[in-house]
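Results of the structural survey
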Amino acid sequence: VRVTPEKPSGLMAVLMHDRGKAGLFQANGDPSPIVRSLLDRGIGVVGFDPLLVGESFDALRPAFRRPTTAHYLTYNRSLAADRMRDLASVIAWTRSEPDAREVHLIGLGASAPLALLARPSLDGVSRTFVDLEGFDYGDGSQPVAEGLHLPGVTQFGGLAGAASLCSPQPLLLSRPGRTFSSDWPKKAYRLDSVEASLQIKDSAVAPEQVARWIETGD
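The text that follows walks through the structure, step by step, so that each part is easy to find. (Residues numbered from 1 in each chain as written. Predicted model: local features only at pLDDT ≥ 70, side-chain atom pairs only at ≥ 80, totals over all residues. Heavy atoms only, no water.)

Comments concerning the pattern of salt bridges
Defined as follows: Definition used for salt bridges: Asp or Glu carboxyl oxygen within 4 Å of a side-chain nitrogen of Lys or Arg. Helix and strand assignments come from DSSP, with helices taken as H or I runs of at least 4 residues and strands as E runs of at least 2, each series counted from the N terminus.
Under the counting rule described, the total for this entry stands at seven salt bridges. One salt bridge connects Glu97 with Arg2, and the closest N-O pair in it is separated by 2.8 Å. Pair noted here: Glu97 is in the loop between helix H3 (79-96) and strand S4 (102-108) and Arg2 is in strand S1 (residues 2-3), with a separation of 95 residues, a long-range link. Beyond isolated ion pairs, a larger network of salt bridges with shared partners links Arg2, Glu97 and Asp99.

Concerning helix H1 (residues 33-40)
Quick reminder of the rule: Classification of residues uses two cut-offs on accessible area relative to the type maximum, computed with a 1.4 Å probe and protein chains only: under 20% is buried, over 50% is exposed, and between them is partly exposed. We call two residues contacting when some pair of their heavy atoms lies within 4.5 Å.
For H1, the complete set of buried residues consists of Ile34, Val35, Ser37, Leu38 and Leu39. Where H1 is buried, its residues meet S1, strand S2 (11-17), strand S3 (44-47), S4 and helix H7 (207-216). Gly42 lies just past H1 and shows a positive phi near 80°.

Some remarks on the side chain of Arg119
Let me state the cut-off plainly: Charged residues are defined here as Lys and Arg on the positive side and Asp and Glu on the negative side; His and the ends of the chain fall outside this count. Polar contacts, as counted here, are pairs of nitrogen or oxygen atoms within 3.5 Å of one another; within protein the pair requires one atom able to donate a hydrogen and one able to accept it, and residues that are adjacent in sequence qualify only if both atoms are side-chain atoms.
Within the element layout of this structure, Arg119 appears in the loop between helix H4 (112-118) and strand S5 (128-131). Although buried, Arg119 forms no salt bridge, and the nearest oppositely charged side chain, Asp123, lies 6.7 Å from it. A distance of 2.8 Å separates the side chain of Arg119 from the backbone oxygen of Val125, its partner in a polar contact.

A few points about the pairing of strand S6 (residues 171-174)
Here is the rule we go by: Looking down the strands as they point away from the viewer, one classifies a crossover as right-handed if the path from the first strand across the helix to the second runs clockwise. Pairing between strands requires that DSSP locate at least two bridges from one strand to the other.
With burial as the criterion, each face of S6 is covered, one bearing Leu171 and Leu173 and the other bearing Leu172 and Ser174. For the crossover from S5 across helix H5 (residues 158-165) to S6, the handedness is right-handed. Bridge analysis of S6 against strand S7 (residues 198-201) gives four bridges, and the strand direction is parallel. Considered in S7, the bridge of Leu171 is made with Leu198. Once the chain exits S6 it traverses helix H6 (residues 183-191) before rejoining the sheet at S7, and the crossover so formed is right-handed.

Laid out in structure tokens, this is it:
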């Protein structure tokens, strides 16, 4: 779903949300606060249903279906990997829109970590905002939700490793987990001489602030 502002600026933001397209709107059908803030600044918003989320399922309770075959993930992508592949497809489609001057990425809700993990492999994305809401993979010893399970994720540094690989592109991270090693991405951005392009906030960032940062980088 693409939501177009009254006065488009050519900026587009792809929103990855665990509720899919439903994450763009409130229960009464009005745009969510983040979408409203983006539209007010002339930024178009694209929402999508990743695998097993959305119209074919209950958007309030994202589902997963994987065969019970032994060692399934040894030979097949996990649900998290499939959903990140969907994100890459939507980013490519958004970039192909004739009126898209810049494409940005926003990750919210339980799917936000996937947006960060996918970001280093995505081409043509300008700024990225991800609200991790305290989530982190830790040392990998604790179980995580099926939609976030990615075999080997801690071997390349988990979310901190992904944030490091985002350099030199602008990245705004909100509410990282307790075990998130912020030194990694800070060093990576410093090595690229773009320290100002990385911001890590311990508290939530207001929708209006996110929209302003997407538009101006400030």
